[in-house]
Amino acid sequence: MGRPGFVLEVDERTPALLVNEGEAARLERFPLGTRVIYPPDSLPGIRDVGGAIRQALLHPHGEDPLPALLRPGMRLTIVFDDISLPLPQMRAPDMRQRIIEQVLEMAAAAGVDDVELLAANALHRRMTAAELKRTVGDRVFRSFFPGHLNNHDAEDRANLTEVGTTRHGEVVEINRRAAESDLIVYVNITLTGMSGGAKSVAVGLASYRSLRHHHNVHTLRHSRSFNDPPQSAMHHSYDRMAAVLAGHVRVFTVESTVNGDSYPPQVGFMNKREWEWSPADQASYLAFRKLNAMAPAKMRRQMWQRSHAPYGITGVHAGAPAEVHPHTLANVHRQQLTEIDGQSDIGVWGLPFICPYNVNSIMNPILVMSLGLGYFFNLYRNKPIVRQGGVGIFYHPMPEEFHPVHHPSYIDFYESVLSRTKDPALIEEKYEEQFATDPWYTHLYRTSHAYHGVHPLYMWYWGAHALQHLGDVIFVGAERGTASRLGFRTASTLGDALEMARETVGSSPSITYHHSPPLALADVR
Amino acid sequence: MRRPGKARAGVAESLRLLAQGRDLRGRATVPRSAQEWEEEPERGRFPTAWARTPVAGAVRYGLQRGLLKPTAWSVCAPDVRGLERLEGLRGPVVFVANHASHLDTPLILGSLPPRFARRIAVGAAADYFFDTPWRAVLTALAINGFPVERKGSGRLRSLAPQLVAERWSLLLFPEGTRSEDGWMKRVRAGSAHLCCGFGIPAVPIAVRGSYAAMPRGRGWPVPGRPRVSVRYGDPLYPEAGENAWDFNSRLSTAVARLWNEEDIGWYAALREPRDAAVARPAGPPAAGSWRRSWEAGRPLPKSRP
Amino acid sequence: MSQALEFYRSPARYLAARGIAAAGAGGRLAGAVAGSVSPLRLVDRPAERRDEPGWVRLRPLLSGICGSDLALLGGHSSPYLTALASLPFVPGHEIVAETVAAAPGLPAGSRVVVDPVLSCAARGTRPCPECRAGRRNRCGHITTGSLRAGLQTGFCADTGGGWSRSVVAHVSQLHRVPDELADRTAVLVEPLACAVHSVRRAAIAPGASVLVVGAGTVGLLTVLALREFTAAGPIYAVAKHPHQRALAEALGATETFGVRRLARALRMLTGGTLEHPDLGADFLLGGVDVAFDCTGGAGGLDTALRTVRAGGTVVMSGMPSGAVDLAPVWFRELHLIGSYASAGGPEAEAPAQAPDFAEAVRLAGRVAPLAGFVDAVYPLSRWREAIGHALSAGRLGSVKVAFDPNRS
């Protein structure tokens, strides 16, 4: 129990290692000497989660106990993370539900009548009623939906308010109701270092006008990495905005962290080190491979999307955002931080079926790019696991598939923009305004369940740092046409990919495989 | 239809990949760099419930009476005494015996009256009998063994209380392991706890001569059909308010008396004044170890003195 | 006697061809079996003769295979047209030929292209009002007069057609070909004239955005005509195959798309919203000002109707076949314009512009990319291969397939 993360060096006796590849996973033999980053063992979850929440609300960091902040006649807005967290989705009951229920108990006891619940979806798609219900629980849903339980609308000019401007000239514009509340209670689940803290309100409830100050190519190229807030220009911007907000509205934040149990026990091998697989694990791997390959595409997607994670909760902290977040980050690091010495010539990542933007949806090629070159590449502290000019090898089949309702502007971005240029800076300059202001996208974002028009461009910026850093990007097992539209090369096997990588990094490259699941944050020394 | 991954590997390919770096039982050697982080594998409890089903019970009874008992009775000459003391006794009962040889279990199971032999489970060392699947299956099927942790790690909750609750009698060897020199070791209080907890009787049993017939390290009894004796004592009932320690000392005294009966006869053993020494036939004290096993290994006289 | 390909009445074959078309066996399968099931045969038949004045016998040099010919052979042309043809006939209306005898104003051996419309002049009837106005393509006497019914040479039992070694034509149909114009380019004059006619029909405002659906011969020539005769703004073309895209762009298209991404791309370019009906393709609220269907298929016209803006214009250039949902014409108040053959001729009173055919002859000589259009020429005897090739022209990298009746 509780072994720390470590770096495996592949030797003769190392069995084939598990690699995720979208809605599948395979075993792969890595060359001798390959270093493999394994995160710490999944931490034990808190047994009495309800008690831990109560404890956090009654003994907050840098704030009065929540009951002391509640009084009759006040305007209370409870804001919660949207469906992009955690990944995969959490097995019911959702942590947000458990926190919100306790907050509401206290609000009810204090006689607060004016309560609004808001999903902090920023430019993400609106959550459906069913998704909201699953997140906040049936009791909350029935009491508040639809009148007082809503998605944030970043394009509803009437319900946005400019709170101020940072000293860097960044406009802070957020949801009017939240801004004009006597108290915001923000309910968060943190999966990786990038979430929570200043990001919660300043980003989750913001408008495009406000978001563009940190969601841009320049900021992302200077966020190294965006999972390490002290080194992230993006998070510096969040912090400045949060400081402006703090002068206007009181935020009581409740942050929770999850452990590494991201797959259900039927596929328990996902969370185990391969040489420790029992015969039962091996049999379930075989059965999984076979069933997964046999299942029709639609059914396979449903099986994956419905595999809800039996997360344990590793910590709940409440209070003033700035004082709560260090505790949250410490918990994330306890679960994910793994030290590794030095960079490699080649980094290998297996990409899973899920990213923040395809929950109950389809992982389209743009999302694959942002997942690989954005999220996974940036799971580091200090420096990337690959050296400057090295090669990134990613596993994903990358089918040319889009969800027509959720990702309409993605399709146009893929067809009309990426066919012309792949340069993030050029894209930002030439196309961002068009995508951000296209009335059709805006209409679909507001009334349907579409991501905002500008979102695919943000996804592309998300990978800007990696695009600049890597000398070559090779996708193993990807559809050739799709990958080449994105500007990447494809290989059918790891062997071929390594052969191709030689052109860039020479004949005897060092290799690091960033093993997942579970997620590891590489601390590169 | 699109399939993830172009080169869709079949089951054969997956098996080939799985087999690499693993032995035939599917176990992988820990990579060198991971050895620092190797974990004592958590032993799962081998499932034994199937062995207590009626069908398995019937198979087992057939095995015991058709194979095990005839074999044991043909390779040695058992001398069974005291069965009359079990008259009128109803299960569940905990049989408590000293343990010196693998012969002990077949001798006791073979000599028990059928009403007990048909519904008895034997505590067997988890780290030996339930270490590999094939041995675990044989143990569970042939003697209705259930795993008992003897290292005291306590990771596994014992099955014994559940079995008693299901009205199974138990055969336990409270020394925890076979004697190394033929003499008795300290009797642990586990069985006494069980009896006190459920208010059920314990039957002391002493097996003599099995060490001489087949000590540790031998896979088959010595030739010449050595005599072994199995003595059953009077059932002991925990008294109201009696604690497990007191009951345990009564129990171990009873086993020791049975042990001594072989040497000095029933009445003399009963009259033996040195209770403390009698409580545990520990053999010649403080002597060189060779003398201890030497004495213990002395075959029983062919007939009872 | 003269060798010719003859289209004859055969309900069984007609139904077989239709069945294959209905089974959705487009492309390869249709190409493979079209030869076997279409009611076409290679025959030796007496050379056509017409002794009335003005008729002249021609020896075809090249004769193109047109989309309408393929529709006919595949059994999916409109039954409406059956009244306008007389069986058996020799197909082929894209003809470049040599006159065999002298005619008024034409010495024997002149190279000519044929305007195939068989109007009042050819039929010897009193000119109908449309012919008098110079719009012979709208002639009302198409079933009467000295000839049996037949809207064009190539559909009339009495004139023969291009897919033979001998055909007769009325001098009013003939246009001399300049010496420097190669046969392979000259054979494109007829379809080019149709394209010129279609863009003139549409009356395109300067700067208007135009969509051309289809990048076969008609589509490509329409792009060319749009650039030559209108002040259209951006011209978008729907093209399936890479060589079609390259040609469309060489002829003046601003951008080309595959049909799958057309609606989204146009929405990006022209604004508006994209709507998803429960059944049928997506459509735009927004879209281009004018769209040309140059496929002749129901799908092409449907695409055009769904991507043109409200109050916009849809021009039907290809010979239509199949049923199309006309709801957008009603709901978006579209102008649906037909364009058949070409107009303007010797009888045109004070024409404001040169006749389509004359323009086409002039243009054909000037535009370099046209020289490569005809890249597959078959003798009549290999007609099955030729039809198969023409059915899959796009996939095989061709634009126009033609017969050279003099080869064997």
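The rules behind these values
- Residues numbered from 1 in each chain as written.
- Chains lettered and ligands numbered in written order.
- Predicted model: local features only at pLDDT ≥ 70, side-chain atom pairs only at ≥ 80, totals over all residues.
- Helix = DSSP H or I, 4+ residues; strand = E, 2+ residues; numbered from the N terminus.
- Rg over C-alpha atoms; globule rule 2.2 N^0.38 Å.
- Buried ≥ 20, exposed ≤ 12 C-beta atoms within 10 Å, placed from the backbone.
- Contact = placed C-beta atoms within 7 Å.
- Nonpolar A, V, L, I, M, F, W, Y, C, P; charged D, E, K, R; others polar.
- UniProt positions renumbered as here; feature names shortened; annotations may be inferred.
- Pairing = 2+ DSSP bridges.
- Right-handed = clockwise from strand over helix to strand, strands pointing away.
- Axes fitted to C-alpha atoms, helices over the stretch in contact; angles between N-to-C directions.
- pLDDT = per-residue confidence, 0-100.
- Domains from an automatic or database assignment.

**Here we look at the overall build of chain C**
When you go through chain C residue by residue, the secondary structure sums to 14 helices and 17 strands. In terms of C-alpha radius of gyration, chain C reaches 20 Å, essentially the compact-globule figure of 22 Å for 408 residues. Counting every position in chain C, which comprises 408 residues, the buried fraction comes to 53%. By sequence separation, contacts in chain C at least 24 residues apart represent 68% of the contacts at least 6 residues apart.

**Observations concerning the interface of chain A and chain C**
In this complex, chain A contributes six residues to the contact, which on the side of chain C involves eight residues. The set of elements that each furnish at least two residues to the side of chain A that touches chain C consists of α15 (408-417) and α17 (439-447) of chain A. The leading source of residues in the side of chain A that touches chain C is α15 of chain A, at four residues. Its residues placed into classes, the side of chain A that touches chain C shows two nonpolar, two polar and two charged.

**Observations concerning unusual backbone geometry**
Residue Pro93 of chain A is bonded to the preceding Ala92 of chain A through a cis peptide linkage, with omega at 0°. Summarising the element assignment, Pro93 of chain A is placed in the loop between β5 (75-81) and α3 (95-110). Looking along the chain, the bond that leaves Ser516 of chain A and enters Pro517 of chain A is cis, with omega of -5°. Structurally, the position occupied by Pro517 of chain A is in the loop between β19 (511-514) and β20 (521-524). Despite not being glycine, Met398 of chain A shows a phi value in the positive range, around 50°. Relative to the helices and strands, Met398 of chain A is located in the loop between β16 (386-395) and α15. Residue class for Met398 of chain A comes out buried when judged on the 30 C-beta atoms lying within 10 Å of it. Here Ala203 of chain C, not a glycine, exhibits a phi torsion of approximately 50°, which is positive. Inspection of the secondary structure puts Ala203 of chain C in the loop between α7 (189-202) and β8 (210-213).

**Details of the UniProt feature "domain: Alcohol dehydrogenase-like C-terminal" (unreviewed entry) in chain C**
With numbering aligned to this structure, UniProt lists the feature "domain: Alcohol dehydrogenase-like C-terminal" (unreviewed entry) at residues 218-343 of chain C. Along residues 218-343 of chain C, the helical share is 36% and the strand share 25%, with 17 Å between the first and last C-alpha atoms.

**Observations concerning the UniProt feature "domain: Alcohol dehydrogenase-like N-terminal" (unreviewed entry) in chain C**
Following the UniProt record, one finds the feature "domain: Alcohol dehydrogenase-like N-terminal" (unreviewed entry) at residues 53-179 of chain C. Structurally, residues 53-179 of chain C comprises 13% helix and 21% strand, and the distance from its first C-alpha atom to its last is 27 Å.

**Observations regarding the pairing of β8 of chain C**
Here is the key point about a regular strand: its side chains alternate between the two faces of the sheet. All names here are of chain C. Of the two faces of β8, the one carrying Val210 and Val212 and the one carrying Leu211 and Val213 are both buried. Inspection of the sheet shows β8 paired to strand β9 (residues 235-238) by four bridges, in the parallel sense. Bridged to Leu211 within β9 is Tyr236. The β-α-β motif built from β8, the intervening helix α8 (residues 217-229) and the parallel element β9 has right-handed crossover chirality.

**Some remarks on the sheet that holds strand β1 (residues 6-9) of chain A**
Residues and elements named next belong to chain A. One open sheet holds the seven strands; their spatial order is β1-β4-β19-β14-β16-β17-β18, and the pairing between them is mixed. A single partner strand is all that each edge strand has here, and the edge strands are β1 and β18 (489-491). The average undirected angle you get between the axes of adjacent strands in this sheet is 25°. Sheet topology note: the β16/strand β17 (residues 472-476) ladder contains five bridges and is parallel. Bridge pairing in β17 places Phe394 opposite Phe475. Lying over the sheet, helix α21 (residues 494-505) contacts β14 (344-350), β16, β17 and β18, oriented at roughly 175° with respect to β17.

**Comments concerning the confidence of the model for chain C**
Looking at chain C, pLDDT values average 89 and 94% of them are 70 or higher. Scored by ipTM, the complex comes to 0.79, with pTM at 0.76.

**Quick word on the environment of Phe247 of chain B**
Residue and element names in this part refer to chain B. With respect to the helices and strands, Phe247 occurs in helix α10 (residues 244-264). Its 21 C-beta neighbours within 10 Å are what place Phe247 among the buried residues. In sequence terms Phe247 and Ala202 are 45 residues apart; their C-alpha atoms lie 9.6 Å from each other.

**Details of the sheet that holds β9 of chain C**
Residue and element names in this part refer to chain C. Strand order in the open sheet formed by six strands is β10-β9-β8-β13-β14-β15, with parallel pairing between adjacent strands. Both edges of this open sheet fall to β10 (255-257) and β15 (335-338), since each of them pairs with a single strand only. The mean inter-strand angle of the sheet, taken between neighbouring strand axes irrespective of direction, is 20°. Sheet strands touched by α7: β13 (288-293), β14 (308-316) and β15. Its angle to β14, the strand with the most contacts, is close to 150°.

**Notes on the arrangement of the chains**
Of all two pairs of chains in contact, the one with the most contacts involves chains A and B. There is no contact between chain B and chain C; across them, the least C-alpha separation is 18 Å.

**Quick word on the domain arrangement of chain C**
All names here are of chain C. Each assigned domain of chain C is listed with its residue range as follows: domain 1 (2-188 + 373-403) and domain 2 (193-338). Contact with domain 1, which involves 13 residues of that partner, is made by 15 residues of domain 2. Among the elements that line the side of domain 1 that touches domain 2, the one with the most residues is helix α3 (residues 67-74), at three residues. Across the side of domain 1 that touches domain 2, the residue classes break down as four nonpolar, seven polar and two charged.

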